[in-house]
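Secondary and tertiary structure notes
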Amino acid sequence: MKTGLCSMIGAVGAALASFFGGWSTGLATLVFFMAVDYISGLVVAGVFHNSKKTDTGALESRAGWKGLCRKCMTLVYVLIAYRLDVMIGINYIQDAVIIAFVANELISITENAGLMGLPLPDKIKWAIDVLQKRSKEGDVDNGEKHS
């Protein structure tokens, strides 16, 4: 029973990895950063009650599910990037998408550390503020802002 279950889990894992073109270092790094970000977000909300994702700052299941949905959508983008690489016959779109999402996760992890009270250098605080302001201003499409 145990061997069959392990074999089935391994087969599912191998199939999923093959959809992404294999288990690359970039994909492993992204998944690791996503896990660290999610866990640090849980700690911010559950222990420090300082989450910016909820009205009370405390842990809420709805905010957690939203976070998981965002993580899944990130992986969908990586999958789409891989399929574009395959279709065009190149191998760098997926890497570029992974790098962009790893950078985003790193910013979120750093923000979570700040919410836990870890002292952050002023340059890092400034960079996070700039990125947050840009995301609040709305998406820019052809030079026009959407509200």
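Higher on the page you've got the structure.
Residues numbered from 1 in each chain as written. Predicted model: local features only at pLDDT ≥ 70, side-chain atom pairs only at ≥ 80, totals over all residues. Heavy atoms only, no water.

Observations regarding the pattern of salt bridges
Opposite charge on two side chains permits them to pair, given that their charged atoms come into close proximity. Using the criterion set out here, one finds 2 salt bridges in the structure. In this structure, Lys71 and Glu105 form a salt bridge, with 2.8 Å as the shortest nitrogen-oxygen distance. In this pair, Lys71 is assigned in helix α3 (residues 61-88) and Glu105 in helix α4 (residues 93-115), connecting sequence segments 34 residues apart. Classification of Glu105 as buried rests on a relative accessible area of 4%. Each of Asp37, Lys71 and Glu105 takes part in one network of salt bridges that share partners. (Salt bridge = Lys/Arg side-chain N within 4 Å of Asp/Glu carboxyl O. Helix = DSSP H or I, 4+ residues; strand = E, 2+ residues; numbered from the N terminus. Buried < 20%, exposed > 50% of the residue type's maximum accessible area, 1.4 Å probe, protein only.)

Some remarks on the packing of α4 against helix α5 (residues 122-137)
Interhelical geometry of α4 versus α5 gives an angle of 115 degrees and a closest axis separation of 11 Å. Remark: the crossing between α4 and α5 carries left-handed chirality. Residues Ile107, Thr110 and Glu111 of α4 lie in contact with α5, whose contacting residues are Ile124, Ile128, Leu131 and Gln132. In the contact of α4 with α5, the residues fall into 4 nonpolar, 2 polar and 1 charged. (Axes fitted to C-alpha atoms, helices over the stretch in contact; angles between N-to-C directions. Left-handed = near helix turned anticlockwise from the far one by under 90°. Contact = heavy atoms within 4.5 Å. Nonpolar A, V, L, I, M, F, W, Y, C, P; charged D, E, K, R; others polar.)

Topic: the state of the cysteines
Per the stated rule, a full pass over the model turns up 0 disulfides. Not engaged in a disulfide, the cysteine Cys72 finds its nearest cysteine sulfur in Cys69; these two sulfurs lie 6.5 Å apart. (Disulfide = S-S within 2.5 Å.)

What to know about helix α2 (residues 25-46)
Between the first and last C-alpha of α2 there are 31 Å, a value that for 22 residues agrees with the 32 Å anticipated at 1.5 Å per step. What α2 keeps buried is the set Leu27, Leu30, Phe33, Met34, Asp37, Ser40, Val44 and Ala45. For α2, the buried positions fall inside an angular range of 160 degrees around the axis, keeping them on one side. Away from its buried face, by an angle of more than 90 degrees, α2 presents the exposed residues Thr25, Phe32 and Ile39. (Expected span 1.5 Å × (residues − 1). Arc of directions from axis to C-beta.)

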